[in-house]
Amino acid sequence: YPPPICSFENITDAQIHRAIAKLSPFKAPGPNGVSNCVFTKCTDTLIPFMGLIFQAMFTLGIYPEDWKKSLTIVL
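About the cut-offs
Residues numbered from 1 in each chain as written. Predicted model: local features only at pLDDT ≥ 70, side-chain atom pairs only at ≥ 80, totals over all residues. Heavy atoms only, no water. Helix = DSSP H or I, 4+ residues; strand = E, 2+ residues; numbered from the N terminus. Rg over C-alpha atoms; globule rule 2.2 N^0.38 Å. Buried < 20%, exposed > 50% of the residue type's maximum accessible area, 1.4 Å probe, protein only. Contact = heavy atoms within 4.5 Å. Polar contact = N/O pair within 3.5 Å; in protein donor to acceptor, adjacent residues only side chain to side chain.

Novice: When you look at the overall build of the protein chain in this model, what are you seeing that I'm missing?
Specialist: Looking only at helices and strands, the protein chain has three helices and zero strands in total. Order of helices (α) and strands (β) in the protein chain, N terminus to C terminus: α-α-α. Taking 75 residues into account, the globule formula puts the C-alpha radius of gyration at 11 Å, and the protein chain, at 15 Å, lies well above it. For the protein chain, the spread of C-alpha atoms along the three principal axes comes to 40 × 30 × 20 Å. A total of 75 residues make up the protein chain; the buried ones form 12% of that total. In the protein chain, the share of contacts with a sequence separation of at least 24, taken over all contacts with a separation of at least 6, comes to 47%.

Pasting the structure below:
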């Protein structure tokens, strides 16, 4: 593989907070059944754990198979 174009920096809790703030609470849940409403209502509780999970995932280079799946519903 070619060398990286730029250096990778860990995802911060502030970045996770901004991403959650952009979620629409009325969207249908994904394959895991978790609604966006859970993320928006439990942000302060979830962010510290999500930050650790994302940092470990990027450091180890292991990406859960279930996170690679999506569900598209055409109305």
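From this point, things continue past the structure.
Novice: What's the story with the side chain of N36 in this structure? I'm lost.
Specialist: In this fold, N36 is placed in helix 2 (residues 36-41). Owing to a relative accessible area of 16%, N36 belongs among the buried residues under this scheme. At a separation of 2.9 Å, a polar atom in the side chain of N36 contacts the main-chain carbonyl oxygen of S24. Setting aside residues up to four positions removed in sequence, N36 forms contacts with L23, S24, P25 and K27.

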